[in-house]
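As a plain string of letters, each chain reads:
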Amino acid sequence: MKILISDPFSKELPDMLKEFGEVTDDKSQLPDADILLVRSATKPNKEYIDSAPNLKLIIRGGVGIDNIDVEYAKSKNIVVRNTPEASSVAVAELVITHMLAIQHNLIRAHNTTKNGEWIKKQLKGNELYRKTLGLIGIGRIAREVFKRAKVFEMNIIACDPYVCYDECKEVNMDELYETSDFISLHVPLTDETREMINKDSIAKMKDGVIIINTARGKLINEADLAEALKSGKVKYAGLDVYESEPPVGSPLLEVDNVLLTPHLGAQTHENMDRIGEQVVDIIREFVQG
Ligand code: NAD
């Protein structure tokens with residue numbers, strides 16, 4: 001059994017997988033690989049899958065499997081699995097980090113103070129306390145955000161037509177747009193959610209809303225968001241994901257009122273360890289049939 005690790009995982013993972021066979025990170029060995037481990041960089045599309053005739057299992061370390069042609073893999077009897085539970089806490093902490101950093105002008109405060117400036121009066125911030133947070137989607141990550149936002153005594157509402165989470169007040173999408181001070185996206189990228197944040201949905205939002213996106217870049221029309229940030233309709237955006245990554249040439253790079261991180265949501269050491277453990281469990285289950 002040959003296992004190809006095609007993207008970065010924890011450095012302990014190769015040793016943890018030795019019991020199952022040969023482990024390599026040499027991508028030229030794809031034609032002989034039985035199991036392929038990817039994160040988001042490797043994109044197993046039709047052509048990629050055709051060049052790996054022995055492939056039986058693809059594991060995506062993380063949540064979204066939109067980088068994999070799942071239907072084509074299935075048609076070739078290749079099983080596709082992911083590790084959806086592992087990353088929720090890491091992403092939820094990043095959401096709270098964005099919200100706090102934005103409210104307290106953290107980046108500007110650091111940059112100016114480091115630069116020898118003392119602009120305390122210009123850095124008056126705002127609190128999370130009693131602000132309304134609208135969660136679009138109330139799945140795994142949103143629930144972890146919910147728990148943490150509650151500690152800050154925020155009013156939290158959510159809209160998810162497909163699942164119910166009794167802890168959180170449920171509203172329809174228009175109400176969420178109209179009443180939220182913060183809107184945080186936690187849905188997968190589907191035909192229904194693609195560019196759900198665009199000039200029409202932004203027009204329904206409160207003036208001065210803050211938008212956080214740690215889910216998928218293509219949920220937002222970046223040109224429309226950039227316009228709304230320039231006009232002040234949207235006060236600030238905290239973004240971890242982009243239409244294309246890295247966001248070279250994105251209109252969002254031209255506006256000041258954004259806090260941008262390079263798809264860091266799942267990038268904690270603890271999460272890498274959890275993903276590694278789940279990968280081992282999936283392979284064990286697979287080889288034991
Ligand atoms: P999840 O499947 O647990 O939750 C998604 C929720 O979205 C579900 O409850 C579903 O019912 C809901 N939903 C689907 N369509 C909807 C719609 N049209 N309107 C409202 N709700 C809708 O997924 P999750 O683990 O919470 O992940 C959420 C997102 O975060 C995904 O896009 C995932 O790819 C992304 N993610 C990003 C990072 C990162 O590094 N930034 C890491 C992990 C996950």
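Residues numbered from 1 in each chain as written. Predicted model: local features only at pLDDT ≥ 70, side-chain atom pairs only at ≥ 80, totals over all residues. Heavy atoms only, no water.

## A few points about the pairing of strand β7 (residues 155-159)
When you tally the buried positions in β7, you get four out of five residues, the bulk of the element. In this sheet, β7 lies alongside strand β6 (residues 132-136) in parallel orientation, the contact comprising five bridges. Its bridge partner being in β7, leucine 133 is matched across the sheet by isoleucine 156. Following the chain from β6 across helix α6 (residues 140-151) to the adjacent parallel β7, one finds a crossover that is right-handed. With two bridges joining them, β7 and strand β8 (residues 169-170) adopt parallel strand pairing. Within β8, the residue paired with alanine 158 across the bridge is glutamate 170. (Buried < 20%, exposed > 50% of the residue type's maximum accessible area, 1.4 Å probe, protein only. Helix = DSSP H or I, 4+ residues; strand = E, 2+ residues; numbered from the N terminus. Pairing = 2+ DSSP bridges. Right-handed = clockwise from strand over helix to strand, strands pointing away.)

## A short note on the site of the ligand
The environment of the ligand is formed by 26 residues, the closest being Arg140, Ile141, Asp160, Val187 and Thr214. Within the backbone of valine 187, a nitrogen or oxygen atom sits 2.8 Å from an oxygen atom of the ligand. Within the side chain of aspartate 240, a nitrogen or oxygen atom sits 3.0 Å from a nitrogen atom of the ligand. Expressed as a share of its isolated accessible area of 870 Å², the protein-covered part of the ligand is 89%. For the shell around the ligand, the residue count by class is 13 nonpolar, eight polar and five charged. (Near = heavy atom within 4 Å. Polar contact = N/O pair within 3.5 Å; in protein donor to acceptor, adjacent residues only side chain to side chain. Areas by Shrake-Rupley, 256 points an atom, 1.4 Å probe, with all protein chains shown as cover. Nonpolar A, V, L, I, M, F, W, Y, C, P; charged D, E, K, R; others polar.)

## Let's talk about the domain arrangement of the chain
Bring the parts together and some accessible area is lost; that lost area is often taken as the interface size. Looking at the assigned domains, one finds that the chain contains domain 1 (2-86 + 269-287) and domain 2 (88-260). Where domain 1 touches domain 2, the interface holds two residue pairs in polar contact (both at pLDDT 80 or more). When the residues that make up the side of domain 1 that touches domain 2 are grouped by side-chain class, the tally is three nonpolar, two polar and four charged. (Domains from an automatic or database assignment.)

## A few points about the sheet that holds strand β1 (residues 2-5)
An order of β2-β1-β3-β4-β5 is seen for the five strands of this open sheet, with the pairing classed as parallel. The open sheet has two edge strands, β2 (22-24) and β5 (79-82), and neither has a second partner. Taking the axes of each pair of neighbouring strands and ignoring which way they run, one obtains an average angle of 15 degrees across the sheet. Bridging between β1 and β2 involves three bridges; their strand directions are parallel. Of the residues in β2, the one forming a bridge with isoleucine 3 is valine 23. Against the sheet, helix α10 (residues 269-287) engages β1, β3 (35-38), β4 (57-60) and β5, with an angle of about 160 degrees to β4. (Axes fitted to C-alpha atoms, helices over the stretch in contact; angles between N-to-C directions. Contact = heavy atoms within 4.5 Å.)

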